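What the coordinates show
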Amino acid sequence: MKRSCLHKRDGRSPSFLARLEPRHVRWPLILALLLACGAHPFQAALGSAAPRRVDEPREVNLDTPRDWAVWLVGGLELRPSLGLARVVSDVEWEDGSSEKVASGMAGQLGWSITIGGPPRHTGFVIRPNAGFFSRSIAIADFRTDLPSPPGETAGRNIAAICSDPVTGETVDCAVPNEYQLTLRSLHGGARVGHQWVYEWGPFEFFAESSLAMNLIEWRFVRSLIGATTRSGTHWRLFGSFDARAAAGVHLVPARVALALRLDFSRYRSFEYPEPQEFRGALQYNEDKEVWEQPRVWVESARVFTTTMMGALIVVF
């Protein structure tokens, strides 16, 4: 009599699965055995042939405007994402050097729906690129402890006492300036790269690396410090780019694909509605024999994002 992969062991000591603790550890092992039981029909579906590189897209009917629209769109992607955004502001001095005077970093967990399908064939590609970027993040200058003047001094430093002008409560005099920023970009450009597609039975395995340059952008910036809010918009040409790596699998008969993407983006010169005041690096004033943090005004910020995305793709 034929026995299944998971059979009852009458008259014997309990199997090692029953002795495992904690109990939830059993389930990964049971799943692995079930997959092993189904390995033979899976191999039969793939066949014995090695994966074949797809150099040409499969033929499709383009007889009607609807056929053309479906072919151009390709599919619909649902993307959960996890990433980081970093904002940096610099000040440029008269000698041409620059100094970072403010920065901030925030995590992001979200999702989006976009149009697009998996790669259709192996080779070099160039195609239009469009997108929308939005981040809310706090940016602040750097807290610095003021040291005593170098050398001998006959006096001693007296700590300042600062208070909130609205509530009158005592506050830390060295607390950094902190701005709440909202940054948005609606952009369009072109993406170039190379893609690889291999067919193996009902599956197509694909990978892609590409670089996109955003030719034109509409940007929105809003800053909030205390009770003061300022906002503005501006246009940018060639103001940002992104690099992408992706890999996934397309189950052709079901018209469904799964992909994993890693994106890195850089947006330069997000211009503030008005110059923002931050504190520069400590400088020793020899005439006054004190350390000072000069006031500096910053007009823009740079933005860096790194995002990991999964994608469930319904292929049209």
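As shown above, the structure is provided for reference.
Residues numbered from 1 in each chain as written. Predicted model: local features only at pLDDT ≥ 70, side-chain atom pairs only at ≥ 80, totals over all residues. Heavy atoms only, no water.

With that out of the way, let us pick up the overall build of the protein chain. Each helix and strand counted, the protein chain has 4 helices and 13 strands in total. For the protein chain, the proportion of its 316 residues judged to be buried stands at 28%. Of the contacts formed within the protein chain by residues at least 6 apart in sequence, a portion of 74% connects residues at least 24 apart. For the protein chain, the accessible area works out to roughly 20,700 Å², and carbon and sulfur atoms hold 59% of it. (Helix = DSSP H or I, 4+ residues; strand = E, 2+ residues; numbered from the N terminus. Buried < 20%, exposed > 50% of the residue type's maximum accessible area, 1.4 Å probe, protein only. Contact = heavy atoms within 4.5 Å. Areas by Shrake-Rupley, 256 points an atom, 1.4 Å probe, with all protein chains shown as cover.)

On to unusual backbone geometry, then. Here Arg255, not a glycine, exhibits a phi torsion of approximately 55°, which is positive. Inspection of the secondary structure assignment puts Arg255 in the loop between strand E9 (228-251) and strand E10 (256-279). Despite not being glycine, Ser269 shows a phi value in the positive range, around 55°. Mapping Ser269 onto the fold places it in strand E10. We classify Ser269 as partly exposed; its relative accessible area is 22%.

In this structure the tally under the stated criterion is 13 salt bridges. For Glu274, the salt bridge identified is with Arg230, shortest N-O distance 2.9 Å. Placement of the pair is Glu274 in strand E10 and Arg230 in strand E9, with a sequence separation of 44 residues. Accessibility expressed as a relative area gives 28% for Arg230, which makes it partly exposed. Glu271 is the partner of Arg236 in a salt bridge, and the nearest nitrogen-oxygen pair spans 3.9 Å. A residue pair is termed long-range when its members are at least 10 positions apart, and Arg236 in strand E9 and Glu271 in strand E10 qualify at 35 residues. Owing to a relative accessible area of 15%, Arg236 belongs among the buried residues under this scheme. Of the residues examined, Glu271 reaches a relative accessible area of 36% and is grouped as partly exposed. A network of salt bridges, in which partner residues are shared, links Glu77, Arg79, Arg127, Glu208 and Arg261. (Salt bridge = Lys/Arg side-chain N within 4 Å of Asp/Glu carboxyl O.)

Before going further, it helps to spend a moment on the side chain of His234. Mapped onto the fold, His234 is located in strand E9. Not counting chain neighbours up to four residues away, the residues in contact with His234 comprise Glu217, Trp218, Arg219, Val221, Ser269, Phe270 and Glu271.

What follows covers the nonpolar core. Soluble globular proteins: nonpolar side chains tend toward being buried together. Counting residues in each nonpolar core, the largest one holds 19 residues, and the members touching the most others are Val87, Leu181 and Leu183. Listed by contribution, the elements that provide at least two residues to this core are strand E2 (75-92), strand E3 (98-115), strand E4 (123-140), strand E7 (178-200), E10 and strand E13 (295-315). Not counting chain neighbours up to four residues away, the residues in contact with Leu181 comprise Val87, Arg135, Ser136, Ile137, Ile139, Arg222, Ser223 and Tyr272. Within the second largest apolar cluster, 8 residues are counted, among which are Val197, Phe206, Ala257 and Val315. (Core = buried A, V, L, I, M, F, W, Y, C linked by side-chain atoms within 4.5 Å.)

Taken residue by residue, a regular strand's side chains alternate between the two faces of the sheet. Where E2 and E3 come together, 17 bridges link them in antiparallel fashion. Bridging across to E3, Leu76 finds its partner in Ile115. Turn length for the E2-E3 hairpin, with the two strands adjacent in sequence and antiparallel, is 5 residues, and the turn residue Gly96 shows positive phi of about 95°. (Pairing = 2+ DSSP bridges.)

Turning our eyes to something else, we now look at the packing of aromatic side chains. Going through the model one piece at a time under the given rule, you end up with 6 aromatic pairs. Every member of this aromatic cluster is reached through a ring pair, and the members are Phe133, Tyr267 and Phe270. Positioned above the aromatic ring of Phe270 is the side chain of Arg219, whose terminal nitrogen or guanidinium carbon lies 4.4 Å from the ring centre. (Phe/Tyr/Trp six-rings, centres within 6.5 Å; stacked < 30°, edge-to-face > 60°. Lys NZ or Arg CZ within 6 Å of the ring centre and 35° of its normal.)

Turning our attention to the environment of Ala207. Residue position: Ala207 is located in strand E8 (residues 203-225). A relative accessible area of 27% means that Ala207 is categorised as partly exposed. Along the sequence, Ala207 and Gln195 sit 12 residues apart, while their C-alpha atoms lie 5.7 Å from each other. Ignoring sequence-local partners within four residues, the contact set of Ala207 consists of His194, Gln195, Trp196, Ala246 and Ala247.

Here we take up the environment of Pro128. Mapped onto the elements of the fold, Pro128 is located in strand E4. Separated by 84 residues in sequence, Pro128 and Ala212 place their C-alpha atoms 9.0 Å apart.

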